[in-house]
Amino acid sequence: MYNVSMRFALVALFGCASSLAFSIPFAKVLSANQQIRNVDMTTQTEPLVFTTGMPSESLAVSIGGTHYFADPVGNLWTPTSSGSIPAGSLGFGQIGDLDWANNGLWGFSNANQSLFFYDLGSSAITASYSIPSLSALIVTGVAFRPSDSSIFLSARQGLNNDFLFHVPASSSTANLVGMMPITDAFSYVADIDFDPAGTLYAMSFYHRDFYSVNVSTATTSFISAGPHRDVYAMALNPSAVPEPGTIAGVGVGLAAYLRRRRSS
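Since the structure is predicted, the reported quantities are computational estimates derived from the model, not experimental observations. (Residues numbered from 1 in each chain as written. Predicted model: local features only at pLDDT ≥ 70, side-chain atom pairs only at ≥ 80, totals over all residues. Heavy atoms only, no water.)

**Digging into the overall build of the protein**
A tally of helices and strands in the protein yields two helices and 20 strands. For the protein, the proportion of contacts with a sequence separation of at least 24, taken over those separated by at least 6, is 44%. Summing over all exposed atoms, the protein offers an accessible surface of approximately 11,800 Å²; the carbon and sulfur share of this is 58%. (Helix = DSSP H or I, 4+ residues; strand = E, 2+ residues; numbered from the N terminus. Contact = heavy atoms within 4.5 Å. Areas by Shrake-Rupley, 256 points an atom, 1.4 Å probe, with all protein chains shown as cover.)

If you want it as structure tokens, here you go:
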């Protein structure tokens, strides 16, 4: 009986780990028509979440589910079902993207090629790094990687000419990883973001295609093709996909269960 229980538990554990490892998260997507939709990356279903009421090319979501975006002059807003409310001022314009991290927001200003961190607690910029080497490009995506506190940037030069850069923690050096190829013609990579499992995803502007991205080579793997949507920004909910610790917790629970079965 114990062997049967053990086999069942192991199958359950590996099945759970496998489903977590290969799950593709939903993406909050901001389009040119000022709508935020919750898009299934696999099926492209797209229920409406908010209408911002103003243009923006940035979007971030906190662990608690609060959404943030910046208007063209750098004012920070939080969209709600009844309209967007002020959430601060970044002090930078032409924000290419925002990303949630450590109770604040990492962002990039194309107006002066600056990577910055905005602390939501103090309502102030607490870190800023000028990266003039990106002046010939337009940065479209900012992705914070919690495992090493580094930043990945997507940047473009015209259409279908996209690059992935890696900025180490507390650095002003953007290291080129490589070119990010996409199959969406006459388009570009509109945004990138990590899920909590550490997978980097990219989204194209014109047809809202989704890709996973190899952070070592910048090569992309196609996930799905969407309709013509003209999308500017994407944010993955930090709590949408269980982290490795969740899998470990499942394993601990199953181990405890087996011990109880063995002693009974």
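**Some points on the environment of Ser150**
Looking at the secondary structure, you find Ser150 in strand β13 (residues 150-156). What Ser150 contacts, discounting residues up to four positions off in sequence, is Ala143, Phe144, Arg145, His166, Val167, Pro168 and Ala169. Engagement of the side chain of Ser150 in a polar contact is seen with the side chain of Asp148, the distance being 2.7 Å. Within the structure, the side chain of Ser150 is placed 3.0 Å from the side chain of His166, a separation counted as a polar contact. (Polar contact = N/O pair within 3.5 Å; in protein donor to acceptor, adjacent residues only side chain to side chain.)

**Description of the sheet that holds strand β5 (residues 67-70)**
Two strands in a sheet stick together by hydrogen bonds in their backbones, pointing the same way (parallel) or opposite ways (antiparallel). In spatial order, the strands read β4-β5-β6-β7; together these four strands make up an open sheet with antiparallel pairing. The strands lining the two open edges of the sheet, one partner per strand, are β4 (60-61) and β7 (83-89). With two bridges connecting them, β5 and strand β6 (residues 75-80) associate as antiparallel partners. Bridge pairing in β6 links Ala70 to Leu76. (Pairing = 2+ DSSP bridges.)

**A look at the environment of Thr52**
Summarising the element assignment, Thr52 is placed in the loop between β3 (48-51) and β4. Spatially, the C-alpha atom of Thr52 lies 7.4 Å from that of Ile36, the residues being 16 residues apart in sequence. Apart from the residues lying within four places of it in its own chain, the contact partners of Thr52 are Leu30, Gln34, Ile36, Phe69 and Ser84.

**Section: the nonpolar core**
Within the largest apolar cluster, 20 residues are counted, with the highest numbers of intra-cluster contacts made by Trp106, Phe108, Leu115, Leu134, Ile151, Leu153 and Phe165. If near-sequence neighbours (up to four positions away) are discounted, Ile151 is found in contact with Trp106, Leu115, Val142, Ala143, Phe144, Phe165, His166 and Val167. (Core = buried A, V, L, I, M, F, W, Y, C linked by side-chain atoms within 4.5 Å. Buried < 20%, exposed > 50% of the residue type's maximum accessible area, 1.4 Å probe, protein only.)

**As for the pattern of salt bridges**
Taken as a whole and judged by the stated rule, the model has three salt bridges. With a shortest N-O distance of 2.5 Å, Glu46 and Arg208 are connected by a salt bridge. Taken together, the residues Glu46 in the loop between β2 (35-40) and β3 and Arg208 in the loop between β17 (200-204) and β18 (210-213) connect sequence positions 162 residues apart. The exposure classification of Glu46 matches that of Arg208, with both residues buried. In this structure, the salt-bridge partner of Asp148 is Arg145, at a minimum N-O distance of 2.6 Å. One continuous salt-bridge network, built from bridges that share partners, spans Glu46, Arg208 and Arg229. (Salt bridge = Lys/Arg side-chain N within 4 Å of Asp/Glu carboxyl O.)

**Quick notes on the sheet that holds β3**
Within the open sheet, the four strands sit side by side as β3-β2-β1-β20. Their pairing is antiparallel. At either margin of the open sheet sits one strand with a lone partner, and together these are β3 and β20 (231-236). The sheet shows a mean angle of 25° between the axes of neighbouring strands, taken without regard to direction. Relative to β2, strand β1 (residues 26-31) is paired through five bridges, and the arrangement is antiparallel. (Axes fitted to C-alpha atoms, helices over the stretch in contact; angles between N-to-C directions.)

**Observations concerning the packing of aromatic side chains**
With the rule as written, the count across this model stands at seven aromatic pairs. On the numbers, 5.5 Å between centres and 70° between planes, the contact of Phe152 with Phe194 is edge-to-face. With Phe152 in strand β13 and Phe194 in strand β16 (residues 189-194), this pair connects stretches of sequence that are 42 residues apart. There is no split in this pair, since Phe152 and Phe194 are both buried. Pairing Phe205 with Tyr232 gives two aromatic rings, centres 5.5 Å apart and planes at 40°, and the pair type is tilted. With Phe205 in the loop between β17 and β18 and Tyr232 in strand β20, this pair connects stretches of sequence that are 27 residues apart. (Phe/Tyr/Trp six-rings, centres within 6.5 Å; stacked < 30°, edge-to-face > 60°.)

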